[in-house]
Every structure is written in C-alpha cells, then in structure tokens.
Amino acid sequence: MAKILSFFMVLSLLAFAPILCLSSKTNYYGYLYPQFYDWSCPNAKEIVKSVVAKAVAREARMAASLLRLHFHDCFVKGCDASLLLDSIGTLISEKLSNTNRNSARGFEVIDEIKSALEKECPQTVSCADILALAARDSTVLAGGPSWEVPLGRRDSRDASLSGSNNNIPAPNNTFNTILTKFKLKGLDLIDFVALSGSHTIGNARCTSFRQRLYNQSGNNLPDYTLDQSYAAQLRTRCPQSGGDQNLFFLDFVSPTKFDNNYFKNLLASKGLLNSDQVLVTKNPASLELVKLYAENNEIFFEHFAKSIVKMGNISPLTGYKGEIRKNCRVMNS
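An unreviewed UniProt entry annotates the protein as Peroxidase of Anisodus acutangulus. Heading Subcellular location (unreviewed entry) of the UniProt record for the protein holds this comment: "Secreted".

Here the focus is the overall build of the protein. Across its full length, the protein holds 14 helices and two strands. Taken over C-alpha atoms, the radius of gyration comes to 22 Å for the protein, in line with the 20 Å a tight globule of 333 residues would show. Expressed along its principal axes, the backbone C-alpha trace of the protein runs to roughly 90 × 45 × 35 Å. Split into buried and exposed, the 333 residues of the protein put 51% on the buried side. Expressed as a percentage of contacts within the protein between residues at least 6 apart in sequence, the contacts between residues at least 24 apart total 73%. Carbon together with sulfur atoms contributes 57% to the accessible area of the protein, which is approximately 15100 Å² in total.

Right, let's get into the pattern of salt bridges. Scanning the entire structure with this criterion turns up 18 salt bridges. A salt bridge links Lys77 to Asp158; the nearest nitrogen and oxygen atoms lie 2.8 Å apart. Taken together, the positions of Lys77 in helix H3 (residues 62–77) and Asp158 in the loop between helix H5 (127–141) and helix H6 (161–167) put the pair 81 residues apart, joining distant regions of the chain. Judged by relative accessible area, which is 26%, Lys77 ranks as partly exposed. Among the ionic pairs, Asp129 bridges to Arg153, the shortest N-O distance being 2.6 Å. Here Asp129, found in helix H5, pairs with Arg153, found in the loop between H5 and H6; they are 24 residues apart in sequence, far enough to count as distant. Each of the two residues, Asp129 as well as Arg153, counts as buried. Taken together, the shared-partner salt bridges in this structure form one network comprising Asp86, Lys95, Asp111 and Arg329.

The final tally for this structure, using the stated rule, is four disulfides. With a sulfur-sulfur separation of 2.0 Å, Cys74 is cross-linked through a disulfide to Cys79. Looking down the S-S bond of the Cys74 and Cys79 bridge, the torsion is 120°, so its handedness is right-handed. When its relative accessible area of 0% is taken as the criterion, Cys74 is described as buried. Cys79 sits in the buried class, given a relative accessible area of 0%.

Under the UniProt annotation, "domain: Plant heme peroxidase family profile" (unreviewed entry) lies at residues 31–332. With 47% helix and 2% strand, the stretch residues 31–332 has end C-alpha atoms that lie 23 Å from each other.

Calculation notes
Residues numbered from 1 in each chain as written. Predicted model: local features only at pLDDT ≥ 70, side-chain atom pairs only at ≥ 80, totals over all residues. Heavy atoms only, no water. UniProt positions renumbered as here; feature names shortened; annotations may be inferred. Helix = DSSP H or I, 4+ residues; strand = E, 2+ residues; numbered from the N terminus. Rg over C-alpha atoms; globule rule 2.2 N^0.38 Å. Buried < 20%, exposed > 50% of the residue type's maximum accessible area, 1.4 Å probe, protein only. Contact = heavy atoms within 4.5 Å. Areas by Shrake-Rupley, 256 points an atom, 1.4 Å probe, with all protein chains shown as cover. Salt bridge = Lys/Arg side-chain N within 4 Å of Asp/Glu carboxyl O. Disulfide = S-S within 2.5 Å.

Right, dumping it as structure tokens:
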C-alpha cells in the first residue's frame, strides 16, 4: 500500500513540475509562453492593461504610439527592449535614430507600467514583455484584434543606433527594401502587408512624406500614384519647406479606430506614406492581400494577430541572457 501511495505522490509531483517551474523569474525553457508570469506575478497582465487603458483614455493617439514601440524594438536586434535605454556613457540610445528621433513616444507610459509592476513583484516582469503586452492592449482598446502574448523575454544590456537606422523599414524605402528587411527577421509577405495595417491608427509627420507631394523621383514632380485631390489637401499643411513636425492621420477615414479602412484608402490611392502605397503599386501578390483585407476585416484581424505574435518572437533573450531591468531606461548596475 505504501509503495502505491509513494507512486501516486511521484506522479502528482511530476504533474505539477511545469507549474512549479513557471514560478521562476528565469525562462529556463528558452521559449516564450503566455503563462510565464502566472505564478511569479499573477497580476502582471492586468496591471499593464490598466495603465495602458488610462493612457489611451487621456490621449487616443497613445494606442498607436505604444504599438509602434514594439515594432521599433523588435526590428533592431530582437524584442529585447533595447529601444527603451537612454544614452549613458558609451551607450548611444536608439531613440536618437532617424526613425525614432522626434517621433517615437509613449516612454513615460512604459515607465508608469514598470513602476507599478516593480511595486507588485520586484524585478520580475521584463521591459521587453511590457512592450509586447502594451502593444496588444493598445490594439484592443482601438477596436482591433486580441491575441495571447507569449512571454518570458529578458532585457538587453546594450542598444544599437546603427541597427535602428538600418533595420527598421522607413517611409521612403522601396517595396523590395522593406520586404528584405522583413525577410531578414524571419517574416514574409503576409506579415509585411498585415503588419503594415497597424497604420490604420496613428499619425505621420510632414517630413516623412513631403517628397511625395513635390519631388518624388528627383524631377520636381509629385508622386503620380497619390490621389491628386488628396495631395492638394495635404499640401495646405505640409509645405515644401517648414512644418516638418506637422502631424497627419495615417488613415484619415477612421484615424483612431483599428480597422481595415487603411487598406481601402490604399486602393483609392490615398495611402499617406510611400511605404504604404507601394503595397498596391509595386507587387501583384501584395495588391491581392490589400484587396483581401479591404474586403474582409475579419481576415485582416486574424492575419495581423498571427503576424505580430511571430514578430514578437524575433530573437528574444531567454535563460540567463540579458537581465530584468528595474528601470526600463537604464541597465541594472
């Protein structure tokens, strides 16, 4: 009888072994999973959601800003919160890159989330995971899809200004350049088009599309792929010189609602950025995806959710690599 009881006790321990491992702050498995903090910080997801909800309620634009931070982090050297580090000593912040300077924002919201999490469960939830969760929560608050966020990333102890300048797709990049940047990160054409749909919310500065209005190809002529009445409207607030920081909606139809109007705008030649409109003009396969998403919001949502999870899995630091920062802006001493 004692042997039988002992046998069942061993079985019970084995059954709970994975759960016991989940309570650790270190990702021993080397892969990401949504339940990572269920034991070490069970309220983590709710804390992130609460702070994000308050921030978006204060300013609807913040949803797009927080979503963008996740993209601009992952595309440099993986989803490791390198973007959040401030310059110190020999470390030059990615915030100073061409794609982020005077543009990336929402860092104070990440600080607020981190502060709340540190009070709840000190040095447990990584800044990289905060970025991933905040991106999901922002998308949902704007009316977009939800998805389970795999967790267990750790934070980098360095940043890459050159990586930020070279790896993040830029508004004036060609179609092939952007697709190559996606492929180098293990992403494909569907990911490229679906994730471009994040431009259904948020703003862009005049300086990021001015050339389309005045000198697209170096011949002092506007971009012929841009609807000319829309271009004339844009010129009123985006002159040939000055007004660099003037903001324009990426999706003028429903600028704060996460939906498929972005793709409908592209089909009407009213994509704001060159990197948006090339989805329609430069590749037949991407054009078909744009048409599909414009016709079917549900498929767009499904593809977007799958693609952003895939993006969130780019080269995460796990195990004993990196650290769990106490302050997202600086490495631990």
